[in-house]
Amino acid sequence: MDFQIRDAIKANMTNNSSSDVRSVIDDAIARGEEHLLPGLGVFFEQLWQRADDKEKQEMTSELAQAFAKAQ
């Protein structure tokens, strides 16, 4: 079976409201299951691809701060 996670997630999330997207993200994080991490990665990939350079800089700064606090 040739399963493409990106395509499946894109198809499942098409036309969802921001509330729906928030629920999916919150649920995936709350479950804490490793197999859900690739799906969250697809969410981030979509966000990253739409972002301009300023937004990418803001995201990377936020991530750097988040990981600095995590230690």
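One can find the structure itself at the top, above this paragraph.
Report on the accompanying structure. Just so it is clear, the model here is predicted, and its values are computed rather than measured. (Residues numbered from 1 in each chain as written. Predicted model: local features only at pLDDT ≥ 70, side-chain atom pairs only at ≥ 80, totals over all residues. Heavy atoms only, no water.)

In this section: helix 3 (residues 37-50). The first and last C-alpha atoms of helix 3 sit 20 Å apart over 14 residues, in line with the 20 Å expected at 1.5 Å per residue. Of all the residues in helix 3, the buried ones are Gly-39, Val-42 and Phe-43. Taken down its axis, helix 3 places every buried residue within 100° of arc, on the same side. Buried-residue contacts for helix 3 involve helix 1 (5-13) and helix 2 (18-31). (Helix = DSSP H or I, 4+ residues; strand = E, 2+ residues; numbered from the N terminus. Expected span 1.5 Å × (residues − 1). Buried < 20%, exposed > 50% of the residue type's maximum accessible area, 1.4 Å probe, protein only. Arc of directions from axis to C-beta. Contact = heavy atoms within 4.5 Å.)

Let us now look at the pattern of salt bridges. The full count for this structure, using the stated rule, is four salt bridges. The residue Glu-45 makes a salt bridge to Arg-6 at a minimum N-O spacing of 2.8 Å. One end of the pair, Glu-45, is in helix 3; the other, Arg-6, is in helix 1, and 39 residues separate them in sequence. Here Asp-27 makes a salt bridge to Arg-31, at a shortest N to O gap of 3.0 Å. Residue Asp-27 and its partner Arg-31 are both found in helix 2; the two are separated by four residues, about one turn of the helix. On the basis of relative accessible area, Asp-27 is assigned to the partly exposed category, the value being 37%. (Salt bridge = Lys/Arg side-chain N within 4 Å of Asp/Glu carboxyl O.)

Moving on: the packing of aromatic side chains. Centre-to-centre distance and the angle between the planes together describe a pair of aromatic rings. Evaluated as defined, the whole model comprises one aromatic pair. Measuring from ring centre to ring centre gives 5.7 Å for Phe-44 and Trp-48, while their planes differ by 35°; the resulting arrangement is tilted. Note that Phe-44 and Trp-48 are positioned in helix 3 at a spacing of four residues, about one turn of the helix. (Phe/Tyr/Trp six-rings, centres within 6.5 Å; stacked < 30°, edge-to-face > 60°.)

Mapped onto the elements of the fold, Gly-41 is located in helix 3. Residue classification places Gly-41 among the partly exposed residues on the basis of a relative accessible area of 36%. Placed 25 residues apart in sequence, Gly-41 and Asn-16 show a C-alpha to C-alpha distance of 18 Å.

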